[in-house]
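# Geometric and topological summary
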Amino acid sequence: MSRALDAAARWSDALASWAIPDWILAQAQEDPWALPVALFENRQADLTPSHQRALEVVAAGSTVIDVGAGRCAMSLPLRPPAERIVAVDSAPAMLENSPADVTIVGRWPEVANRAGRAGVVVCGHVVYNVADLVPFIAALNQAATHRVVIEITRSHPRNRPLEQILWRHFWNLDRPNGPGWQDALAVIRESGIEPNVELWESEQRGGFPNLEDLVSWMRRTVCLDRTREAEVRAVVTQHVAERDGLWRLSTEPRALATFWWDVSR
Ligand SMILES: C[S@@+](CC[C@H](N)C(=O)[O-])C[C@H]1O[C@@H](n2cnc3c(N)ncnc32)[C@H](O)[C@@H]1O
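Below, the structure is looked at part by part. The shown structure was predicted, so the numbers you read here are calculated from the model rather than taken from an experiment.

Analysis parameters
Residues numbered from 1 in each chain as written. Predicted model: local features only at pLDDT ≥ 70, side-chain atom pairs only at ≥ 80, totals over all residues. Heavy atoms only, no water. Helix = DSSP H or I, 4+ residues; strand = E, 2+ residues; numbered from the N terminus. Rg over C-alpha atoms; globule rule 2.2 N^0.38 Å. Contact = heavy atoms within 4.5 Å. Areas by Shrake-Rupley, 256 points an atom, 1.4 Å probe, with all protein chains shown as cover. 1 Å grid on protein atoms, 1.4 Å probe; cavity = no way out; pocket = protein on both sides within 12 Å on 5 of 7 lines; lining within 4 Å. Points joined across faces, edges and corners; volume = space filled by probe spheres on them. Nonpolar A, V, L, I, M, F, W, Y, C, P; charged D, E, K, R; others polar. Buried < 20%, exposed > 50% of the residue type's maximum accessible area, 1.4 Å probe, protein only. Near = heavy atom within 4 Å. Polar contact = N/O pair within 3.5 Å; in protein donor to acceptor, adjacent residues only side chain to side chain. Phe/Tyr/Trp six-rings, centres within 6.5 Å; stacked < 30°, edge-to-face > 60°.

### Re the overall build of the protein
Within the protein, the regular secondary structure consists of ten helices and nine strands. For the protein, the C-alpha radius of gyration of 19 Å lies close to 18 Å, the compact-globule estimate for 265 residues. C-alpha extents for the protein along the principal axes are approximately 55 × 45 × 30 Å. In the protein, of all internal contacts separated by at least 6 residues, the share reaching a separation of at least 24 is 70%. Carbon and sulfur atoms make up 49% of the accessible area of the protein, which amounts to about 12,500 Å² in all.

Here it is in C-alpha cells:
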C-alpha cells in the first residue's frame, strides 16, 4: 500500500469513528448532523488569511468556485474583484436565496463537471465531512486554473468541549478527537500536492440571536427529542456565552489552518 493510501485510509478511519452508535441514532427524531443555516451567514468584517491568499490572484471580472459554499463566507469578499461566484453545496437549504451567481446542489466531486473551471477555487470547512478525500482534492485541483485555497479548523469541528460534555451527560459516551489539520495535510501531500500552510486564529464567528435556537441545535446534535429541551438547556447555559447580541458555543479564539497552492499543468 502506498503512503498516500495510508494517509487517506487513516483519514477515513478517523472520520468513521465519529459515527453515532446505532442504538442512539435510532432514537433521533431529527438529523443530528444538520447545521443551522444561520450559523454561516457572513458576519465577518475582516478579511481572513484565506481571503487574502485568494485575493492575491483573483483576476478582475473572473469567476470563483466555492465548494461547500454554505452562505459563501469564503467567496463573498472576493467579489469584486471577481465578478461571478459559483457555489456548490450538497445541502439545498444552504443555497436557498444564495448570494452566489450560480448555485449547484450536489456533492463534490460528483458535480464538479457542472461547476466548470475557474481561476480560484475556495473550499472552507468542508473536508471533515469528506471520507474519500483524495478524489475530492483532485477535483478541486482540476477545477482551478490558478490557485486552490482550503480553510479548516485545526481540530474536528465536532470536537467541542460543550458537545463532549453533552454526550457524556446524556449518553455516557466519549466522542473521538481526531482527525486534525495535520492529517488533512498528510492526505493532500501524499496526493502529490505540496500546499503552503498558514496557521492562524480568529474570533468565534456566527452565533444565534436567540439562546433557544442554540439549545435546540445542541439537543438535536445529541439525538434528543423536544421533550428534553429543558434538560439540555440546563447544561448548555452553564457553558455558552453571549457577545455582541449573539449566543455562541464558546468565546475562545478559533484555531484555523489555511492550505493553498498554485496549480501546475
Ligand atoms: C461547515 S459548512 C461551511 C460553509 C462555508 N464554506 C463557510 O465556510 O462558512 C460546510 C458546508 O459544506 C457542505 N458540504 C459538505 N460536504 C460536501 C460535499 N462533498 N460537496 C458539497 N458540499 C458539501 C455542507 O452542506 C455545508 O453547507
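### Description of empty space enclosed by the protein
One pass over the full model with this rule turns up two cavities of 30 Å³ or more. Here the second largest cavity is characterised by a volume of approximately 40 Å³. Every residue lining the second largest cavity is listed: Trp18, Ile20, Pro32, Trp33, Arg158, Glu163, Trp167, Arg175 and Thr221. Looking at the lining of the second largest cavity residue by residue, the class counts come to five nonpolar, one polar and three charged.

### What about helix H7 (residues 161–171)?
Of the positions making up H7, those classed as buried are Leu162, Glu163, Gln164, Leu166, Trp167, Phe170 and Trp171. On the buried face of H7, the contacting elements are helix H2 (22–25), helix H9 (211–221) and helix H10 (229–236). Directly after H7, the chain includes Asn172, whose backbone phi takes a positive value near 50 degrees.

### Observations concerning the site of the ligand
With respect to spatial proximity, 19 residues lie near the ligand, and among them Gly68, Asp89, Trp108, Gly124 and Arg205 are the closest. Interatomic distance of 3.2 Å between a backbone N/O atom of Ser90 and a nitrogen atom of the ligand. Residue classes in the shell around the ligand are distributed as nine nonpolar, seven polar and three charged.

### Overview of the environment of Tyr128
Relative to the helices and strands, Tyr128 resides in the loop between strand S4 (118–124) and helix H6 (133–143). In this structure, the C-alpha to C-alpha distance between Tyr128 and Ser250, residues 122 residues apart in sequence, is 20 Å. Reaching out from Tyr128, the side chain makes a polar contact with the backbone oxygen of Thr153 at a distance of 2.7 Å. Engagement of the side chain of Tyr128 in a polar contact is seen with the backbone oxygen of Arg154, the distance being 3.4 Å.

### Some thoughts on the packing of aromatic side chains
Per the stated rule, a full pass over the model turns up three aromatic pairs. Pairing Trp23 with Trp171 gives two aromatic rings, centres 5.6 Å apart and planes at 80 degrees, and the pair type is edge-to-face. One end of the pair, Trp23, is in helix H2; the other, Trp171, is in helix H7, and 148 residues separate them in sequence. Of the residues examined, Trp23 reaches a relative accessible area of 53% and is grouped as exposed. Consider the rings of Phe208 and Trp217, whose centres lie 5.8 Å apart with planes at 40 degrees: the pair is tilted. For Phe208, a relative accessible area of 4% puts it in the buried group.

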